[in-house]
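So you can see what is in the structure, the chains are spelled out below.
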Amino acid sequence: MIRTARRTDDRPDATTPTLRAVTTVLDRLYPPSGAESWDAVGLVCGDPDEPVRRVLLAVDPTAAVVDEALDWGADLLLVHHPLLLRGVHGVPATTPKGRVVHRLVRGGCALFVAHTNADSAAPGVSDALARVLGLADLEPLQPRGAVSLDKMVAFVPTADADRLVDALAAAGAGTIGDYARCAWTTTGTGTFRPEAGADPSIGVVGEVAQVPETRVEMVLPRARRGDVVRALRAAHPYEEPAFDVLELSDPGNGTGIGRVGRLDPALTLEQFATLVATVLPATVQGVRVAGPPDALVERVAVCGGAGDDLFDAVRRSGADAYVTADLRHHPASEAREAAGDGPPYLVDVAHWASEWPWLAGCESRVLSALAEQGSTVDTRVSSTRTDPWTLHVPSRGGPS
């Protein structure tokens, strides 16, 4: 489990990033908007203007992990699980979590959390679990609802095109990823004949007019359609603007909770469970299985962390087996009752073990993103096991 530190870039001109620069990278890789409403993600403590030379990655911000971070001289502890998930009124050092905060602050080590936003990101926590199991053709188990988009197509006198683009952008159109005021334009000739009762800004009633016009195309969130149409009417010089609003299909971006993929070659359930036990870090719990040992497993659903609220999605996915953690008695029992002797079969692993593979991928992506900016940090994936269980005694009594 112990790994040596990795470095972004060995170039002599590489710079040391600030905490702000590192958290900006993390927010781009794992957008906070992807977090569940109840979650607490982002920077917990730390000065954004301070330099970051060393980053330790871990699943849990436990006291032992903090020991490791401070002993190594880390400037940033990047974790998956929140330290302060529920609201608090203070962090006195008389409480376990308060002591963690005080020790980090005194040691000059910031704390950053990427939790459910890392679960739903692509690639994210479940991607990493799926990859170590060798799954291919991955897709979200429960896709995250994408923002529904429209496209505005408007025709405007060329002299007024820039003003119209500005007005539509101000109303919410033209944002694509990290870019704003995005538009596509081309020019042509518009023709029309004002009829009786019209009050044209260009042309004469009863006569055909031909006007050099620009075609403007901009995407917009469907929820902002009304605002954008009103902005177009207010900014357009024509009495009756010519425009279309087109509803775009969801392109899909691979984000969402859990993943489903293909296992090649197919294995029996017992063979697959052995594979799971081999590729994940060892824990006292090991791997628990519900299903016939000789059942064939080819399509597999996974969810890093606790996933017994996703059984409906697992059934819809057509998975033969479902790998997740923290399966409780009643949901697991009900799922197997509903399936009879058939799939999906259940493979239950330790929570920490199911999420630990994400750390290496997160490390690589952070290093690459910082290298693109000419920055360098040392990184290390924590060697501290934070699975809480320490002993497993096989059952020997009761009914056989």
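Residues numbered from 1 in each chain as written. Predicted model: local features only at pLDDT ≥ 70, side-chain atom pairs only at ≥ 80, totals over all residues. Heavy atoms only, no water.

Attention shifts here to the pairing of strand β13 (residues 296-306). By the bridge criterion, six bridges tie strand β11 (residues 256-268) to β13 in an arrangement that is antiparallel. Bridge assignment links R262 to a residue of β13, and that residue is R299. Alignment of β13 against strand β14 (residues 321-325), held across four bridges, turns out to be parallel. When the bridges of β14 are listed, V302 appears paired with V323. Following the backbone out of β13, through helix α9 (residues 311-317) and into the adjacent parallel β14, one traces a crossover that is right-handed. (Pairing = 2+ DSSP bridges. Helix = DSSP H or I, 4+ residues; strand = E, 2+ residues; numbered from the N terminus. Right-handed = clockwise from strand over helix to strand, strands pointing away.)

Here four strands make up an open sheet; going across it, the order is β8-β9-β7-β10 and the pairing antiparallel. At either margin of the open sheet sits one strand with a lone partner, and together these are β8 (184-192) and β10 (242-247). Between one strand axis and the next, the sheet turns by 25 degrees as a mean value, whatever way the strands run. Where β8 and strand β9 (residues 209-221) come together, nine bridges link them in antiparallel fashion. Of the residues in β9, the one forming a bridge with T186 is R215. Against the sheet, helix α7 (residues 225-235) engages β7 (149-157), β9 and β10, with an angle of about 165 degrees to β10. (Axes fitted to C-alpha atoms, helices over the stretch in contact; angles between N-to-C directions. Contact = heavy atoms within 4.5 Å.)

With that out of the way, let us pick up the side chain of E68. Tracing the chain through its elements places E68 in helix α2 (residues 63-72). Among buried Asp, Glu, Lys and Arg side chains, E68 stands out as unpaired, with R380 the closest opposite charge at 4.3 Å. Excluding residues that lie within four positions of it along the chain, E68 makes contacts with L56, R380, S382, S383 and T384. (Buried < 20%, exposed > 50% of the residue type's maximum accessible area, 1.4 Å probe, protein only. Lys, Arg positive; Asp, Glu negative; His and termini not counted. Salt bridge = Lys/Arg side-chain N within 4 Å of Asp/Glu carboxyl O.)

Listing the buried residues of helix α10 (residues 329-339) in full gives P331, A332, A335 and R336. Looking straight down α10, one finds that the buried residues subtend no more than 130 degrees of arc, so they occupy a single side. The exposed residues of α10 that point more than 90 degrees off its buried face are H329, H330, E334, E337 and A338. Where α10 is buried, its residues touch β12 (288-290), α9 and β15 (345-349). Within two residues after α10, G340 carries a phi angle of roughly 65 degrees, on the positive side. (Arc of directions from axis to C-beta.)

Turning to the pattern of salt bridges, a few remarks are in order. With the rule as written, the count across this model stands at 21 salt bridges. We note a salt bridge from R259 to D127, for which the minimum N-O separation is 2.9 Å. One end of the pair, R259, is in strand β11; the other, D127, is in helix α5 (residues 125-132), and 132 residues separate them in sequence. According to the relative accessible area criterion, R259 is buried, its value standing at 1%. A relative accessible area of 10% places D127 in the buried class. R181 is the partner of D166 in a salt bridge, and the nearest nitrogen-oxygen pair spans 2.6 Å. Here D166, found in helix α6 (residues 161-170), pairs with R181, found in the loop between α6 and β8; they are 15 residues apart in sequence, far enough to count as distant. Members of the salt-bridge network, linked through shared partners, are D150, R222, R225 and E247.

Pairing within the open sheet is mixed, and its six strands lie in the order β6-β11-β13-β14-β15-β12. Of all the strands in the sheet, the pair left with one neighbour each is β6 (136-143) and β12. Strand-to-strand twist in this sheet, taken as the mean axis angle between neighbours without regard to direction, amounts to 25 degrees. Bridging between β6 and β11 involves five bridges; their strand directions are antiparallel. In the strand pairing of β11, P143 is matched with G256.

Before going further, it helps to spend a moment on the environment of A69. Within the secondary structure, A69 is located in helix α2. Using a relative accessible area of 0% as the deciding quantity, one classes A69 as buried. Sequence separation between A69 and V55 is 14 residues; the distance between their C-alpha atoms is 8.3 Å. The residues touching A69, leaving out its near neighbours within four places in the chain, are L56, A74 and C109.

Turning to its location among the elements, S375 is positioned in the loop between α12 (358-372) and β16 (378-381). By relative accessible area, which is 6% here, S375 ends up buried. Each C-alpha atom of the pair S375 and A21 lies 9.3 Å from the other, and the pair is 354 residues apart in sequence. Engagement of the side chain of S375 in a polar contact is seen with the side chain of T15, the distance being 3.5 Å. (Polar contact = N/O pair within 3.5 Å; in protein donor to acceptor, adjacent residues only side chain to side chain.)

Membership of the largest hydrophobic core comes to 31 residues, with the highest contact counts inside it found for Y30, L76 and W358. At the level of elements, α1 (19-29), β3 (54-58), β4 (76-79), β5 (110-113), α5, α11 (351-355) and α12 are the ones that each hand at least two residues to this core. Apart from the residues within four sequence positions on either side, Y30 is in contact with A114, N117, A118, A121, P123, W358, C362 and R365. Judged by nonpolar contacts, the second largest core, of 19 residues, contains A130, L133, L269 and A321. (Core = buried A, V, L, I, M, F, W, Y, C linked by side-chain atoms within 4.5 Å.)

Without other data, these values stay purely geometric and don't point to any function.
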